[in-house]
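Structural features, examined
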Amino acid sequence: MSNIAIRAATEADLDTITEIYADAVTHGTASYELEPPGRVEMGTRFASLTGGGFPYLVAQKDGAVLGYAYAGPFRPRPAYRFIVEDSVYVAPDAKGQGVGLKLMQGLIAAAEAAGFRQIIAVIGDGHADSASVKLHEKLGFRHSGRLEGSGYKHERWLDTVFMQLSLNGGASVPPDPDSLPERKFRGLGN
């Protein structure tokens, strides 16, 4: 795990990111997409997130991208601007090597530095033994809700689990006027 570097994702990483996500969509239940999006769509999503100043990271070892994570808007309404939703995906052959943990640690640090107050994990097929639930618990996320039977994929109903991590004082202190979400809200950019 010590040779794994976390860095900002670039457009050059999108082919591998697209492959990792395609595997997750095709074989997994973390994403409720049924058909994997292609490279063009993944590029559009990447540009939207990075253009909005949201963190988008990759884990790399010996020149190979092993996984990626990003934070994006939780909901489009402006009162939600201090909350981000995380996503983390690891290549099949890199699972169990601490890649997800390193990505999430980097993502949490980046979201905190930007001034966000909460990170929400929306975990598809979020049963107690799922790797994503365990990862988020390890990082201090608390359970904040469950939607039973909210997705149907691979011929079965899936629950969605919500987990939450407070940052920068959470809801206990007023918003920072210099934070990324507040600057964007006031039209001052990233």
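Residues numbered from 1 in each chain as written. Predicted model: local features only at pLDDT ≥ 70, side-chain atom pairs only at ≥ 80, totals over all residues. Heavy atoms only, no water.

1. Observations regarding the overall build of the chain
Heads up, the rule is: To qualify as a helix, a DSSP run of H or I must reach at least 4 residues; to qualify as a strand, a run of E must reach at least 2; elements of each kind are numbered from the N terminus. The reference for a compact globule is 2.2 Å times residues^0.38; the radius of gyration itself is calculated from the C-alpha atoms. The buried label applies to any residue whose accessible area, calculated with a 1.4 Å probe on protein chains only, is under 20% of its type's maximum; exposed applies above 50%, and partly exposed to all values in between. When checking whether two residues touch, look at their non-hydrogen atoms; a contact exists if any pair is within 4.5 Å. Accessible surface area values rest on a Shrake-Rupley calculation with a 1.4 Å probe, where residue burial reflects the displayed protein chains alone.
When you go through the chain residue by residue, the secondary structure sums to five helices and seven strands. A globule of 190 residues ought to have a C-alpha radius of gyration of about 16 Å, and the chain, at 16 Å, matches this closely. A principal-axis box enclosing the C-alpha atoms of the chain has dimensions of 45 × 40 × 35 Å. Residues classed as buried in the chain amount to 44% of the 190 residues present. Restricting to contacts in the chain with at least 6 residues of sequence separation, those with at least 24 account for 64%. Accessible area of the chain: about 9700 Å², with a carbon and sulfur share of 53%.

2. Focus: the packing of aromatic side chains
Worth spelling out the cut-off: When the centres of two rings from Phe, Tyr and Trp lie within 6.5 Å, Trp using its six-membered ring, the rings pair. Their planes under 30 degrees apart give stacked, over 60 give edge-to-face, and anything left gives tilted. Geometrically, a charge over a ring is one whose NZ (Lys) or CZ (Arg) sits within 6 Å of the ring centre while staying within 35 degrees of the ring normal.
As enumerated under the stated definition, the model contains nine aromatic pairs in all. Here Tyr56 and Tyr70 contribute two aromatic rings whose centre-to-centre distance is 5.0 Å and whose plane-to-plane angle is 20°, an arrangement assigned as stacked. With Tyr56 in strand 2 (residues 56-61) and Tyr70 in strand 3 (residues 64-73), this residue pair connects regions lying 14 residues apart in the sequence. Under the relative-accessibility criterion, Tyr70 is labelled partly exposed at 21%. Centroid distance Phe74 to Tyr80: 5.6 Å. Interplanar angle 70°. Geometry classified as edge-to-face. A residue is classified by how much of its surface remains accessible, and Tyr80, at 34% relative accessible area, is partly exposed. Each member of the aromatic cluster is reached from another via a ring pair, and the members are Tyr21, Phe46, Tyr56, Tyr68, Tyr70 and Tyr89. Directly above the aromatic system of Phe185 lies the positively charged group of Arg81, at a separation of 3.8 Å from the ring centroid.

These figures come from the coordinates and say nothing about function on their own.
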